[in-house]
Each structure stands twice: as C-alpha cells, then as structure tokens.
Amino acid sequence: MPSLPLLLGHRGTRATTGVAENSFASFDLALEHGCSGFEFDVRRAACGTAVVCHDARVGKARVAKTRAKELTTLPRLSHVLENYAQRAFLDIELKVKDLESNVLAALREYPPKKGYVVSSFLPEVVMELEARNASVSIGIICETPGQLATWRNLRVDYVIAHTSLVDDRLVRSVKSAGLRIFVWTVNDAEDMVRFARWGVDGLISDDPKLLAHVLG
C-alpha cells in the first residue's frame, strides 16, 4: 500500500450522537479519534464576518441576512484557525463568494502548521483566491461528472472528488498532473482501504473514529 492518506473528519464528525457538526466539540473528537484534521464549512454573515456553518439557515435565521453577534452558536473562522492551526490539517470549504479577504487575513494571522486547503464547489471562488495570492493552497470540490471535468482547466492544488467519481484511473491522472486528490464522503471500511491502496492523498469521513481505526 502507498503511504497512508490524510484522515479527515467531515465537518469534524457527523457520526456521534449529541455532538453538533462544525463545532469545536466535533473538531476535537475527530482529532481525539486519531484523524489528521478535519473539513469544515464557512459562510458570510450579514456584517461580513466569516462563520462556520454548512446550511444557509440556522433555525429561522438566514446566515447571509443575520449579523454574526446574533448567530451565537456558530464558531468564527478566525477562532477555528486560532485553536487548530498548530495541530490539525484544515480543509476550509467556502460555501459562498466574498469570503476571500476573510480567509486570507485568517491564514496570515494563524498560518496552519500541519497543512491546509481552501476548497469550494465554486470555481470562481478558488480562482479569485489564486488571483489574490498564488501561494494559497486551493482545491475544487466535485460531485458530478460535469464538475469533475473542469479540474484540468483550473489552477488548483487539490481535486476533492465524491466517492462515486473516483477510480484508480482518476487517481493516477490527478497525481500525474502534480496535484493531490481527496475523496469524500468515505464511510465504509472497505472503501477506505480501497482508496488508500489506490494512493489517494486524503479521505474525508463522517465517521472519523472508524476511519482512524481502519487506517490509523
């Protein structure tokens, strides 16, 4: 088997009852279980603050229309980097546009020591980051064949592909281009082993405890 991939919890962890995803508790659990780091989602509050959240709404509040001080349950991007930049690989997924300045400022203040990638489904988001700072590590997330077809035309460092899109041929193609490939969301032990044998660079799982047990 090639060298083991990075093991990353999806939104920290989604498999543990009673622990909210995209929270400090979920991030801590992913690391405690033995993962290298975690993926998490970032949105923009009405005041411009970068907050950690997957869905566009929190309860009845639309994140984009609500000031950060009213979104008291959501971590701030800067606080996540402050707490984890020294000890975890960070996959920072941008769900919306206009977060580039927030991300670049947070990375300058708290440079990740264990590695990172700023990722998005939106090509224009990662390209804007690359245009502002070519040294930033960026990745395109792909869930459909159409999205996957764009990776060769983008100046990215990572291809982050859904499990349904990944075979050994894709892994070889991405790595031959000098890029890294992550796979999401990998929740089956046999899949974890198969992808690792193909030489993927990272696995993202809802169940970081299982992931670390199988490959840690």
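Above this text is the structure in question.
Keep in mind the model is a prediction, meaning the values are calculated, not measured.

Participant: Would you mind going over the overall build of the protein chain with me for this structure?
Facilitator: A count of helices and strands for the protein chain gives eight helices and eleven strands. For 216 residues, the compact-globule formula gives about 17 Å, and the C-alpha radius of gyration of the protein chain, at 16 Å, lands near that figure. Along the longest, intermediate and shortest principal axes, the C-alpha atoms of the protein chain span 50 × 40 × 30 Å. For the protein chain, buried positions account for 50% of its 216 residues. Total accessible area on the protein chain is roughly 10,100 Å²; 46% of this is exposed by carbon and sulfur atoms. The positive charge centre, built from 27 side chains, and the negative charge centre, built from 26, are 4 Å apart in the protein chain.

Participant: Got a minute to help me understand helix H7 (residues 189–198) in this structure?
Facilitator: Residues separated by three or four positions in an α-helix point in the same direction, a consequence of the helix having 3.6 residues per turn. Within H7, burial applies to Met192, Phe195 and Ala196. Buried residues of H7, seen end-on, are gathered within an arc of 100° and therefore sit on one face of the element. Across from the buried face of H7, at angles greater than 90 degrees, the exposed residues are Glu190 and Arg197. The backbone nitrogen of Glu190 has a side-chain oxygen 3.0 Å away, supplied by the residue at the start of H7, namely Asp188. The first or second residue beyond H7 is Gly199, which carries a positive phi of 90°.

Participant: In this structure, what is going on with the pairing of strand E8 (residues 138–142)? I would like to understand it.
Facilitator: If a strand is regular, its side chains alternate between the two faces of the sheet. For E8, the buried fraction is high: five of the five residues fall into the buried class. Burial along E8 is two-sided: Ile138, Ile140 and Cys142 facing one way and Gly139 and Ile141 facing the other are all buried. Relative to E8, strand E7 (residues 116–120) runs parallel, the two sharing three bridges. Among the inter-strand pairings, Ser120 is bridged to a residue of E8, identified as Ile140.

Participant: Explain helix H2 (residues 77–84) to me, please; I cannot follow it from the model alone.
Facilitator: Within the sequence span of H2, burial applies to Leu77, Val80, Leu81 and Tyr84. Down the axis of H2, the buried set is contained in an arc of 95°. They therefore lie on one face. In this structure, the buried side of H2 is in contact with helix H1 (24–32), strand E2 (37–44), strand E3 (50–52), strand E6 (89–94) and helix H3 (100–109).

Participant: How do you make sense of the nonpolar core when you look at a structure like this?
Facilitator: What tends to happen in soluble globular proteins is that the nonpolar side chains get buried as a cluster. The biggest cluster of nonpolar side chains holds 55 residues, and the ones touching the most others in it are Phe40 and Ile92. Counting residues in hydrophobic clusters, the runner-up holds nine residues, among them Tyr158, Phe182, Trp184 and Ile204.

Participant: Help me understand the environment of Leu215, please; the structure alone is not making it clear to me.
Facilitator: Structurally, Leu215 is set in helix H8 (residues 208–215). Separated by 70 residues in sequence, Leu215 and Pro145 have C-alpha atoms that sit 28 Å apart. Leaving out residues up to four positions away in the same chain, Leu215 has contacts with Leu4, Pro5, Leu7, Met192, Ala196 and Leu203.

Participant: Is there a simple way to think about unusual backbone geometry in this case?
Facilitator: Excluding glycine, a negative phi dihedral is what most residues carry, and trans is how most peptide bonds are arranged. Residue Thr185 is reached from Trp184 by a cis peptide bond, and omega for that bond is -20°. Position of Thr185 among the secondary structure elements: in the loop between strand E10 (180–184) and H7. Within the chain, Arg11 stands out as a residue other than glycine whose phi angle is a positive 55°. Assignment of secondary structure puts Arg11 in the loop between strand E1 (6–10) and H1. On the basis of relative accessibility, which here comes to 8%, the residue Arg11 falls in the buried class. The phi angle at Asp98 is positive, at roughly 65°, despite the residue not being glycine. Relative to the elements of secondary structure, Asp98 occurs in the loop between E6 and H3.

What counts and what doesn't
Residues numbered from 1 in each chain as written. Predicted model: local features only at pLDDT ≥ 70, side-chain atom pairs only at ≥ 80, totals over all residues. Heavy atoms only, no water. Helix = DSSP H or I, 4+ residues; strand = E, 2+ residues; numbered from the N terminus. Rg over C-alpha atoms; globule rule 2.2 N^0.38 Å. Buried < 20%, exposed > 50% of the residue type's maximum accessible area, 1.4 Å probe, protein only. Areas by Shrake-Rupley, 256 points an atom, 1.4 Å probe, with all protein chains shown as cover. Lys, Arg positive; Asp, Glu negative; His and termini not counted. Charge placed at Lys NZ, Arg CZ, Asp CG, Glu CD. Arc of directions from axis to C-beta. Polar contact = N/O pair within 3.5 Å; in protein donor to acceptor, adjacent residues only side chain to side chain. Pairing = 2+ DSSP bridges. Contact = heavy atoms within 4.5 Å. Core = buried A, V, L, I, M, F, W, Y, C linked by side-chain atoms within 4.5 Å.

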